[in-house]
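Descriptive analysis of the structure
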There are 4 protein chains.
Amino acid sequence: MSKLALDGVIAYPVTPFDPADGGVDTVRLAALVDRLVDAGVHAVAPLGSTGESAYLDDAEWRTAAETAVGAVAGRVPTVVGIAELTTRGAVERARFAERAGADAVMVLPLSYWRLDEREVTRHFTAVADAVGIEVMVYNNPATAGIDLSPEQLVGLVESVENITMVKESSGDLQRMHRLAQLSGGELPFYNGSNPLALPAFVAGAAGWCTAAPCLAPEPVLTLHRAVRSGELATAREVFGRLLPLLQFIVSGGLPTTVKAGLALRGTPAGTPRPPLLPLDGARSGQLAALLRELDGHPAPLAA
Amino acid sequence: MSKLALDGVIAYPVTPFDPADGGVDTVRLAALVDRLVDAGVHAVAPLGSTGESAYLDDAEWRTAAETAVGAVAGRVPTVVGIAELTTRGAVERARFAERAGADAVMVLPLSYWRLDEREVTRHFTAVADAVGIEVMVYNNPATAGIDLSPEQLVGLVESVENITMVKESSGDLQRMHRLAQLSGGELPFYNGSNPLALPAFVAGAAGWCTAAPCLAPEPVLTLHRAVRSGELATAREVFGRLLPLLQFIVSGGLPTTVKAGLALRGTPAGTPRPPLLPLDGARSGQLAALLRELDGHPAPLAA
Amino acid sequence: MSKLALDGVIAYPVTPFDPADGGVDTVRLAALVDRLVDAGVHAVAPLGSTGESAYLDDAEWRTAAETAVGAVAGRVPTVVGIAELTTRGAVERARFAERAGADAVMVLPLSYWRLDEREVTRHFTAVADAVGIEVMVYNNPATAGIDLSPEQLVGLVESVENITMVKESSGDLQRMHRLAQLSGGELPFYNGSNPLALPAFVAGAAGWCTAAPCLAPEPVLTLHRAVRSGELATAREVFGRLLPLLQFIVSGGLPTTVKAGLALRGTPAGTPRPPLLPLDGARSGQLAALLRELDGHPAPLAA
Amino acid sequence: MSKLALDGVIAYPVTPFDPADGGVDTVRLAALVDRLVDAGVHAVAPLGSTGESAYLDDAEWRTAAETAVGAVAGRVPTVVGIAELTTRGAVERARFAERAGADAVMVLPLSYWRLDEREVTRHFTAVADAVGIEVMVYNNPATAGIDLSPEQLVGLVESVENITMVKESSGDLQRMHRLAQLSGGELPFYNGSNPLALPAFVAGAAGWCTAAPCLAPEPVLTLHRAVRSGELATAREVFGRLLPLLQFIVSGGLPTTVKAGLALRGTPAGTPRPPLLPLDGARSGQLAALLRELDGHPAPLAA
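In the annotation of an unreviewed UniProt entry, chain A is listed under the name Dihydrodipicolinate synthase family protein and assigned to Kitasatospora phosalacinea.

Pasting the structure below:
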């Protein structure tokens, strides 16, 4: 059972880089985390896919983890992302996150050589055994190169004490139905597919893992409140307004588009790390238009 | 614009076969259609995938179409399914359906040789031009062997006057969001993926195309009513109870499982046509258990 | 064991349609078959995918089968294609083919509802049991909507006496290696993927099922001869010259492109049946250039 | 144009780990490389996928690179593998490889966030610009998470002077035909899909990138000689004998199976790095049987 009982919006900050030397910009990272907490998000998840975790070297990763945990300062839970090719690397980063004060780690098993179920289980178990904090296991075939079934994920929760949460980012809503069914509705699972935010909540998701609050925290939080209070019409209206932005940031890549959006918002966070390239001018223009539309003029999903 | 304004549950009867000669059992088909209308469904769609339309010869197909339309007797709209490899065959069946009194035809472009966009457009347009009734265009890559994008489907609605409705059965909820967005919420679209029934309604679907009312009309209709009246908690509870049945009939093939279920319900409809085989004993037992559970003991999706 | 012992080039004629009424043009079909036999192909396979078998009604299909078998006149074996959704339909066509004098039937199990292994086995077995001639079972997931593994195909050959040959059109060369391994090199298997013609022969294919002889019989037969006599350099040179044509006719759809090519060759065969559309002007121009190049100027695969 | 003119068997050593501390076992790596060169392979490629390159930290990677280049000692060309998520990391490793004396680097662009064509081009170009040695660009969607088309690969060769070679590991033979066509047969391309070894040579591959010589160098080299001298029958016979081993090492993962095989050969190289697990007992038994069969009793592909 999860003692954290995370519920709501889990916000994913980007990792700002210094334009001069390309290193982690701790001042801007702390400021971004601070804005997210101030806006009212229910948890912060640094060093996720959005945070370019996989592209950082060890020293950078540790700096970013410490900075983010420090900026949250215990006001909400902090869930630190771990996406490592080796079990050894994942264990080391998880231990570091715990020492830095993280409340939980979210673990994505990167695949180079295809991993079988036994290898995935050993990877997750080794990380969980190495720390005392809770572990969220995470399925994201598009970035990880491996697809974990609901049965496998629920099996991990049932067999390892501090694996207590599941994140699902495959984009297949039926996986979430299955997670609810397999656990009798008891397992807290989290949706990582932005364009499924509303249906995932309807399917029983305990939370929404999203970088969207970096650019538009208010409608994200309003959507969650509307769902929790059973106001379906409001939830649909807000989701319809948000959806074009969610579709845009997903299709363009989260670090790329969110960093471009932060520049448009007047709080620049540098550019993503190569081989990722900055959003080009035409698409930055589209993003600016989407943000203006969202700020000013509602565009409901359906009449 | 659709004048039919179909909204709600569109029920798909199987086509019962006579155990003696394997031909269409018109008495049982009429009785099944009658039970569906009596139960309160909002439309009836004979000769869909569930109705084994693709496995019938011309004479059988015509008999089934006439029988079903006659049994509905104008009490609700009838939408007749057309799944033909040739444009000529599709046109002939659509014309026959219109003469028999159908209110609309639902057209699925079966693919043997891969069709390009121009060929699909010509197929749909030829059918629509051949009749005066409304046409629902239909995407179902798993059975049709061709995948039609939301852009293509909306383009057909915009360019052909009596193409007024879209059915989406790909199982990808984001296609439905896209249909709503592309049409400014104006296009009536219908969900054909049973395990997505609730999220599809939340995404704005005008209706649910489903064979489930053959076996359990009451919860299907309750789900629709709860969604339309904004009772999200009730909708989630009913959907959670229905979901195991919906998953079962989809994964086992609709004609196969629904015919097995009708036998269990005491209203046998024969077996599916070879190469389809009847549901085996073990899975019939599972289906019986699911129906008992659904009839008696609620199994909610989540607490 | 196959008594036919088919080896070499199995030519697939298109089914010419009469420009006036759209019906089967028996005169042109017979002439095309005659030209193929005269050119030296080792067998003729009417009513394959190339022959638009799936788009013909019963009467047309029978006419085409009788015409083709009659035109071959026993000079080489005739293998008639059967691609039917129902087992009943497949059995009827197979019986007709046998009565018409075919030496074998090639059976493709079209899938509308997904068939499980048991259903596929029953379908093939029912057809084989209904005739005394040999049966070639056929895997072509792109057109049939179902993918049959080498293990399943070899299992059918081992368990049903007159299922004696396998055709593989998935485009995965490793399937052919597997067919050879599973049968200890004893099973005659046939390649239906044109752009793999040479590697399939090297992998042990007994024959090449191809529509290319309709347009260019000489290099097709030369390739076969070179492989059989171990002249690898010649085989590679001829295959390199043929490959652009093979790639073109596959990517554009065989009936569409081969009918366009026959018109360019001065032996028109009408247009494919809608929803298939004739090759457009730009691509007909490309095809004309490919044929001129093939006729006149060699374009080897590699120096 | 490639000045290296690599032709033949490019052997991929595993990276042995010390059973005691898990670090790189330089003595055994040097010995393995030495055996490969002595056996007659035409080039050595340390730190490929087989070499668990992606699982090594910077210091380990440099140690392995220096050890391997030193052990080759200029007797044949050395091609060092680079599989990095960041462009910066790839550039640094490529520069190190050049300084260590490598003749070329083979670059695989690992994908976490999906890379567009522009990003892939920049990644490859940055690496090539950073070194004076030749660069082999490499497509392997299964491990890299990104699929590079023949058009894109040939485009890189045409536009960047020291990008001179392409490796294709997608398993789709038609990609190799396309590489040959696009370059008029001029581009040296290399096959990385073991079970396609013979057909790839027939398609014009300049070489075969393979870990199989770690376990069975003789038949691998015999296959190459037979192809180059046009002895098709011998090539087919040897390939048929090798194929079960090639299929086994690919399906079980190269580092996992090759390390198990090296232990069976009496030249242990430790176990793969977690999350990879050693081959289990049952499959080690299968591998032992395959090696015995290959050593003693020929099992031809076809009679």
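A few words now on the relation of the copies chain A and chain D. Expressed as a screw transformation, the operator carrying chain A onto chain D has a rotation angle of 180 degrees and an axial translation of 0.0 Å, and the superposed copies differ by an RMSD of 0.0 Å. Accordingly, the operation relating the two chain copies is best matched by a two-fold axis. When C-alpha distances to the rotation axis are compared across chain A, the minimum falls at Gly-145 of chain A, with a value of 3.2 Å.

Before going further, it helps to examine the pairing of strand S5 (residues 134-139) of chain B. All names here are of chain B. Taking burial as the measure, the 6 residues of S5 include 6 buried ones, the bulk of the element. Across the two faces of S5 the burial is the same, with Glu-134, Met-136 and Tyr-138 and Val-135, Val-137 and Asn-139 all buried. The pairing of strand S4 (residues 104-109) with S5 spans 4 bridges and is parallel. Residue pairing for S5: Val-107 is matched across the bridge by Val-137. Between the parallel pair S4 and S5, the chain is carried across by helix H4 (residues 117-130), and the sense of this crossover is right-handed.

On to the interface of chain A and chain D, then. Accessible area lost upon the coming together of the parts serves often as the stated size of an interface. Taken together, the contacts link 34 residues of chain A with 34 residues of chain D. Counting the surface lost from both chain A and chain D, the interface buries some 3,200 Å², and carbon and sulfur atoms represent 59% of this. Three residues stand out in chain A for area buried against chain D, namely Tyr-112, Trp-113 and Leu-277 of chain A, and they jointly supply 28% of the buried area on that side. Taken together, the connections running from chain A to chain D amount to 4 salt bridges. Between Arg-88 of chain A and Asp-57 of chain D there is a salt bridge, with its nearest N and O atoms 3.9 Å apart. At the boundary of chain A and chain D, one finds 13 residue pairs in polar contact (both at pLDDT 80 or more). In terms of residue count, helix H4 (residues 117-130) of chain A provides more of the side of chain A that touches chain D than any other element does, 4 residues in total. Tallied by class, residues from the side of chain A that touches chain D come to 17 nonpolar, 9 polar and 8 charged.

Turning to the pairing of strand S8 (residues 207-210) of chain B, a few remarks are in order. The side chains of a regular strand alternate, residue by residue, between the two faces of the sheet. Residues and elements named next belong to chain B. Here S8 shows no split at all, with Gly-207 and Cys-209 on one side and Trp-208 and Thr-210 on the other all buried. Relative to S8, strand S1 (residues 8-11) runs parallel, the two being bridged by 4 bridges. Within the sheet, the bridge partner assigned to Ile-10 lies in S8 and is Cys-209. With 2 bridges connecting them, strand S7 (residues 189-191) and S8 associate as parallel partners. What sits directly across from Asn-191, in S8, is Trp-208. One crossover worth recording links S7 to the parallel S8 by way of helix H8 (residues 197-202), and it is right-handed.

Let's shift gears to the pattern of salt bridges. Residue and element names in this part refer to chain C. This structure, assessed with the given rule, holds 68 salt bridges over all chains. Between Glu-60 and Arg-273 there is a salt bridge whose closest N-O contact spans 2.7 Å. Placement of Glu-60 in helix H2 (residues 58-72) and of Arg-273 in the loop between helix H11 (254-264) and helix H12 (281-296) is noted, with a sequence separation of 213 residues between them. Residue Glu-60 is classed as buried on the basis of its relative accessible area, which comes to 11%. With a closest N to O distance of 3.9 Å, Glu-168 and Arg-175 form a salt bridge. Take Glu-168 and Arg-175: they sit in the same class, and that class is buried.

Glancing now at the state of the cysteines. Scanning the model with the defined rule gives 0 disulfides over all chains in all. As a non-bridged cysteine, Cys-214 of chain D has Cys-209 of chain D as the owner of its nearest cysteine sulfur, 13 Å distant.

Moving on to the sheet that holds S5 of chain B. Two pairing modes exist for strands in a sheet, parallel and antiparallel, and in both the strands are linked by backbone hydrogen bonds. Residue and element names in this part refer to chain B. Strand order in the open sheet made by the 8 strands is S2-S1-S8-S7-S6-S5-S4-S3, with parallel pairing throughout. Edge positions in the sheet fall to strand S2 (43-44) and strand S3 (79-84), since each has one partner strand and no second. Sheet topology note: the S5/strand S6 (residues 163-168) ladder contains 5 bridges and is parallel. Of the residues in S6, the one forming a bridge with Asn-139 is Glu-168. Its contacts with the sheet place helix H6 (residues 150-159) against S5 and S6, and it is angled at close to 165 degrees to S6.

This part takes up helix H9 (residues 217-228) of chain B. Residues and elements named next belong to chain B. With 12 residues, H9 extends 17 Å between its outermost C-alpha atoms, agreeing within 8% with the 16 Å of an ideal straight helix rising 1.5 Å per residue. If you check which residues of H9 are buried, you get Pro-219, Val-220, Leu-221, Thr-222, Leu-223, His-224, Ala-226 and Val-227. In this structure, the buried side of H9 is in contact with S1, helix H1 (26-39), H8, S8, helix H10 (232-251) and helix H12 (281-296). Phi turns positive, to about 75 degrees, at Gly-230, one or two residues after H9.

This part is about the relation of the copies chain A and chain B. For these two chains of identical sequence, chain A goes onto chain B by a turn of 180 degrees and a shift of 0.0 Å along the axis, with RMSD 0.0 Å. Of the residues that chain A buries at the interface, 100% are likewise interface residues in chain B, meaning the two copies contact each other through the same surface.

Residue and element names in this part refer to chain C. Mapped onto the elements of the fold, Pro-217 is located in helix H9 (residues 217-228). Sequence separation between Pro-217 and Val-9 is 208 residues; the distance between their C-alpha atoms is 9.4 Å. Sequence-distant contacts of Pro-217, defined by excluding residues within four places in its chain, comprise Ala-39 and Ala-212.

Counting 474 residues, the largest nonpolar core has Leu-223 of chain A, Leu-223 of chain B together with Leu-223 of chain C as the members making the most contacts within it. When neighbours within four sequence positions are excluded, Leu-223 of chain C is seen to be in contact with Ala-197, Leu-198, Trp-208, Ala-235, Val-238, Phe-239 and Leu-242 of chain C.

Before going further, it helps to examine the interface of chain A and chain B. With 26 residues of chain A in contact, the opposing surface of chain B contributes 26 residues. Roughly 2,100 Å² of surface becomes buried between chain A and chain B when both sides are summed, with 62% attributable to carbon and sulfur atoms. Scanning the region where chain A abuts chain B turns up 4 residue pairs in polar contact (both at pLDDT 80 or more). Those elements that provide at least two residues to the side of chain A that touches chain B are helix H7 (173-182), helix H8 (197-202) and helix H10 (232-251) of chain A.

Calculation rules
- Residues numbered from 1 in each chain as written.
- Chains lettered and ligands numbered in written order.
- Predicted model: local features only at pLDDT ≥ 70, side-chain atom pairs only at ≥ 80, totals over all residues.
- Heavy atoms only, no water.
- Least-squares fit on C-alpha atoms with pLDDT ≥ 70 in both.
- Buried < 20%, exposed > 50% of the residue type's maximum accessible area, 1.4 Å probe, protein only.
- Helix = DSSP H or I, 4+ residues; strand = E, 2+ residues; numbered from the N terminus.
- Pairing = 2+ DSSP bridges.
- Right-handed = clockwise from strand over helix to strand, strands pointing away.
- Contact = heavy atoms within 4.5 Å.
- Buried area = accessible area lost by both parts, 1.4 Å probe.
- Salt bridge = Lys/Arg side-chain N within 4 Å of Asp/Glu carboxyl O.
- Polar contact = N/O pair within 3.5 Å; in protein donor to acceptor, adjacent residues only side chain to side chain.
- Nonpolar A, V, L, I, M, F, W, Y, C, P; charged D, E, K, R; others polar.
- Disulfide = S-S within 2.5 Å.
- Axes fitted to C-alpha atoms, helices over the stretch in contact; angles between N-to-C directions.
- Expected span 1.5 Å × (residues − 1).
- Core = buried A, V, L, I, M, F, W, Y, C linked by side-chain atoms within 4.5 Å.

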